[in-house]
Amino acid sequence: MDLSKHAFFEGKIVPLADAKINIATHGFLYGTAVFGGMRAYWNEEKKRLFVFRPYDHFRRVLNSGRMMAMEIPYDEESLIQLTLDILRMDDWKQDVYLRPTIYKADMGIGVRLHDLRDEFCMFIMAFEKYVKNDTNAHVTFSSWRRIDDNAIPARGKIAGAYANSALIKTDANRAGFDEALVLDQNGHVSEGSAMNIFMVRDDVLITPPVTDNILEGITRRSIIELARNELGLQVVERSIDRTEVFIAEEMFMTGTAAQVVAVTKIDHRPVGRGEMGPITTKLRTLFDDVVRAKVPKYQNWNVEVG
Ligand SMILES: Cc1ncc(COP(=O)(O)O)c(C=O)c1O
């Protein structure tokens, strides 16, 4: 794995090798950490790196922290500045993935959220594809249910909750599938292991609402806006029943790591014609141009690493 040379740790930028936590740290023992996952994209023509929607990503990190009774002395703007500092220091010339984390930093036993010190840290890594078959993914329905908001905040990126995602991903991969669709406690299709989902029915783009135990994805939000504004599509946020996906014309998954993954088969049934559909194709191309700062209209989403 191609990791950054530097990291942000305990209030300053340090060599990654020095960014170490003790095995007795609360966040490690109990999963009491929240994190973000964002990308910076290399634009070959401009020879520049652009971070995609960092304000929104840090806002979600801070909101996840709020749900977990965490406080750190940074706001979105100061987090963006320190992100740019680390990126400049390592002089990346390729797509990278950034992993900011807030964690309960005290040492010792005692499961709770209160009366514990919070720390912020971040490292960066080179990153290409997350789902290999991203133009023709074959997915299954997971036998696991998506975490419920009344058990662990589903709209937050809580480290401990990713045991749920790990169970989903490994069982799907070991059964020979690229990914899985996960039902919530009400039996509605919620998302994938670490990505939001969309389906096309009768030329309408449909995605589960933020009240169906999804993570409020920033890629999801971007795709909704691009579909409405650039493709003129009707986009509806509503619950999706399990069998609806079998009769969808198209399906795709979205996420910072996954980007836009075309789902062409679900439990051995072809989606539409069994190949990436026209709406998915257009949105994939447009999204890639937008994240690389090639579309002037959306350049307020791109923060240049100057
Ligand atoms: C559980 C889960 N759902 C959805 C997403 C997609 O969110 P985003 O587009 O903000 O990366 C992610 C990735 O962050 C995730 O971990």
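Below is a summary of the structure that appears in this document. (Residues numbered from 1 in each chain as written. Predicted model: local features only at pLDDT ≥ 70, side-chain atom pairs only at ≥ 80, totals over all residues. Heavy atoms only, no water.)

## Examining the environment of tryptophan 301
- Relative to the helices and strands, tryptophan 301 resides in the loop between helix 6 (278–291) and strand 17 (302–304).
- Sequence spacing of tryptophan 301 and lysine 265 is 36 residues, and the spatial spacing of their C-alpha atoms is 32 Å.
- Excluding anything up to four places from it in sequence, tryptophan 301 contacts Val51, Phe52, Arg53, Pro54, Ser222, Glu225, Leu226 and Val290. (Helix = DSSP H or I, 4+ residues; strand = E, 2+ residues; numbered from the N terminus. Contact = heavy atoms within 4.5 Å.)

## A closer look at the site of the ligand
- In the region of the ligand, 16 residues are neighbours, and Lys157, Tyr162, Ile218, Thr219 and Thr256 sit closest.
- Here an oxygen atom of the ligand and a side-chain polar atom of tyrosine 162 are 2.5 Å apart.
- Note that an oxygen atom of the ligand is positioned 2.5 Å from one of the side-chain N or O atoms of threonine 219.
- Isolated, the ligand exposes 380 Å² of accessible area, and the fraction of that covered by the protein chains is 97%. (Near = heavy atom within 4 Å. Polar contact = N/O pair within 3.5 Å; in protein donor to acceptor, adjacent residues only side chain to side chain. Areas by Shrake-Rupley, 256 points an atom, 1.4 Å probe, with all protein chains shown as cover.)

## A closer look at the pattern of salt bridges
- Counted by the stated rule, this structure contains 21 salt bridges.
- Between arginine 284 and aspartate 134 there is a salt bridge; the shortest N-O distance is 3.7 Å. Of the two residues, arginine 284 is situated in helix 6 and aspartate 134 in the loop between strand 7 (118–126) and strand 8 (137–145); the sequence distance between them amounts to 150 residues.
- The exposure class of arginine 284 is partly exposed, given its relative accessible area of 22%.
- Notably, a salt bridge pairs glutamate 244 with arginine 201, separated by 2.9 Å at the nearest N-O pair. In this pair, glutamate 244 sits in the loop between strand 13 (234–237) and strand 14 (250–255) while arginine 201 sits in strand 11 (residues 196–201), placing the two residues 43 residues apart along the sequence.
- Under the relative-accessibility criterion, glutamate 244 is labelled buried at 10%.
- It is possible to trace a salt-bridge network through shared partners that takes in Arg53, Asp56 and Arg221. (Salt bridge = Lys/Arg side-chain N within 4 Å of Asp/Glu carboxyl O. Buried < 20%, exposed > 50% of the residue type's maximum accessible area, 1.4 Å probe, protein only.)

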